[in-house]
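Structural description and commentary
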Amino acid sequence: MKKIEELDGIRGLAIIAVILFHCLRFSHTIPALSALDLVFGSLWIGVDLFFVLSGFLITSILITQKETEHRLRNFYVRRTLRIFPLYFFVLGLVFLMSVLNISPFREVFSDLAYHFTYTFNIRVALYDWPEAPLLNHFWSLCIEEQFYLVWPFLVFYTSRKMLHRILIVAIACSLLSRLGILLTTQSWATQYAFPVCRLDGLSMGALIALRYTSEQPDYRLPKMIGMISLAATACLFLLFRGFRIEDPVLIFILPTLIAAAYLPIFCTVLGEEDSLLKKILRSRILRWFGKYSYGLYVYHQIIRVLVREYWGITESPLGLLVVGGFSIGCSVLSFKFLESYFLSLKTKYAPH
């Protein structure tokens, strides 16, 4: 699969949105700034952009490798070398700090088994979010890892036509699962984190990948669906005064609508014509954030909790500067001295 620079820009947009959501709040005493909170408090949808992007990238890679030798082994080796070193390095540090009884690490000790087995999102779905938020953002990493366990086998051993049907069914299952939860327990945590409830974003990305890897890509239908979804999403934003993450009614419908609303971005990026959007996504700053997005995602929430507990810096412009600065520093160092080494092993142990 050829390098598409704009995809790094999309990844950069997604991580900026997530960091802004976690780290930035304004004073509610000033009406204009309070209104901004509606926007920044809705930026959890950046995670859904990550899901669509992952679905697209992984499916495109798998399709291009479908006829190659050792395709399953190579895929899992490359994913392991990209994901595991940073993830388990951080978990190891958290475990060590928790054993030493250092706050806030000790508060997450009882949940570390879920994190080490990539099942934390299932723990959230069954028992709600833990009171200690240090590693709560790892739920989305669990979703993606669970996706990797199943999707390669379906891509490699079924036809394109069958894959298309499976993806449509998966999107429908996500909607119906969240509807069932809404009508029974009304648990937004279950709707938000249970694996079956979050197949829509990954599936939307995979559907775009099927078109992208076809002989004659046609993006008219997904672009039209995306524009309709974007209009519906804007109406919901105005109607509900932002996207409150704890609202089970919103969580029922939003992940599907948001994922679909992102489709025009991918259709534009994958099209042959240049555009203003492409130029923005190719900008150095967005591609830079995209390069370090994995580390930024892993570190930023941990740093946010630490600076709040030890320095009393809350979610605010100052908090964004402090957390953002430390997160960038940790991510760059981590990439240079940890991740890069394991990434260099890809060509040795899992050549394309």
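These numbers come from a predicted model, not from an experiment. (Residues numbered from 1 in each chain as written. Predicted model: local features only at pLDDT ≥ 70, side-chain atom pairs only at ≥ 80, totals over all residues. Heavy atoms only, no water.)

**Description of empty space enclosed by the protein**
The final tally for this structure, using the stated rule, is one cavity of 30 Å³ or more. Volume-wise, the largest cavity comes out at about 40 Å³. Taken together, Cys23, Arg304, Val307, Arg308, Ile313, Thr314, Glu315, Gly319 and Val323 form the lining of the largest cavity. Put simply, the parts of the chain that give the lining of the largest cavity at least two residues each are helix H16 (293-311) and helix H17 (317-344). Per-element tally for the lining of the largest cavity: the top contributor is H16, with three residues. Of the residues in the lining of the largest cavity, the class split is four nonpolar, two polar and three charged. (1 Å grid on protein atoms, 1.4 Å probe; cavity = no way out; pocket = protein on both sides within 12 Å on 5 of 7 lines; lining within 4 Å. Points joined across faces, edges and corners; volume = space filled by probe spheres on them. Helix = DSSP H or I, 4+ residues; strand = E, 2+ residues; numbered from the N terminus. Nonpolar A, V, L, I, M, F, W, Y, C, P; charged D, E, K, R; others polar.)

**Concerning the packing of helix H10 (residues 199-212) against helix H12 (residues 248-261)**
Relative orientation of the contacting elements H10 and H12 amounts to 20°, with a least axis distance of 8 Å. As the angle between them shows, H10 and H12 are arranged roughly parallel. H10 and H12 meet at a crossing whose hand is right-handed. Between H10 and H12, the contacting residues are Asp200, Gly201 and Met204 on the first element and Pro255, Thr256, Ala259 and Ala260 on the second. Of the residues in the contact of H10 with H12, the class split is four nonpolar, two polar and one charged. (Axes fitted to C-alpha atoms, helices over the stretch in contact; angles between N-to-C directions. Parallel < 35°, antiparallel > 145°, perpendicular 65-115°, else oblique. Left-handed = near helix turned anticlockwise from the far one by under 90°. Contact = heavy atoms within 4.5 Å.)

**Concerning the layout of surface pockets**
Put simply, the largest pocket is a space of about 1,200 Å³. For the largest pocket, the lining is made up of 38 residues, of which Arg11, Leu57, Arg79, Arg82 and Lys346 are closest to its centre. Those elements that place two or more of their residues in the lining of the largest pocket are helix H1 (5-23), helix H3 (46-64), helix H4 (71-99), helix H7 (139-157), helix H15 (284-291), H16 and H17. A per-element tally of the lining of the largest pocket places H3 first, with nine residues. Split into classes, the residues belonging to the lining of the largest pocket amount to 19 nonpolar, eight polar and 11 charged.

**Quick notes on the packing of aromatic side chains**
One pass over the structure, following the stated rule, counts 28 aromatic pairs. The rings of Trp44, Phe51, Trp129, Trp139, Trp188 and Tyr192 are connected pair by pair, giving a single aromatic cluster. Positioned above the aromatic ring of Phe156 is the side chain of Arg71, whose terminal nitrogen or guanidinium carbon lies 5.3 Å from the ring centre. When the ring centre of Tyr192 is taken as reference, the NZ or CZ atom of Arg198 above it lies at 4.9 Å. (Phe/Tyr/Trp six-rings, centres within 6.5 Å; stacked < 30°, edge-to-face > 60°. Lys NZ or Arg CZ within 6 Å of the ring centre and 35° of its normal.)

**Quick word on unusual backbone geometry**
Of the consecutive residues Ser103 and Pro104, the connecting peptide bond is found in the cis state with omega at 5°. Along the polypeptide, Pro104 turns up in the loop between H4 and helix H5 (112-116). The phi dihedral of Asn101 falls on the positive side, at around 65°, and the residue is not glycine. Mapped onto the elements of the fold, Asn101 is located in the loop between H4 and H5. Looking at Asn101, the relative accessible area reads 49%, which means it is partly exposed. Even without being glycine, Tyr118 reaches a positive phi, approximately 55°. Relative to the helices and strands, Tyr118 is located in the loop between H5 and helix H6 (120-127). (Buried < 20%, exposed > 50% of the residue type's maximum accessible area, 1.4 Å probe, protein only.)

**With respect to the state of the cysteines**
Using the criterion set out here, one finds zero disulfides in the structure. Cys23 forms no disulfide, and the closest cysteine sulfur to it belongs to Cys330, at a distance of 13 Å. (Disulfide = S-S within 2.5 Å.)

**Notes on H3**
Along its 19 residues, H3 runs 27 Å from first to last C-alpha, staying within 8% of the 27 Å computed at 1.5 Å per residue. Burial runs high along H3: 17 of the 19 residues are buried. (Expected span 1.5 Å × (residues − 1).)

The analysis is restricted to geometry; functional conclusions fall outside its scope.
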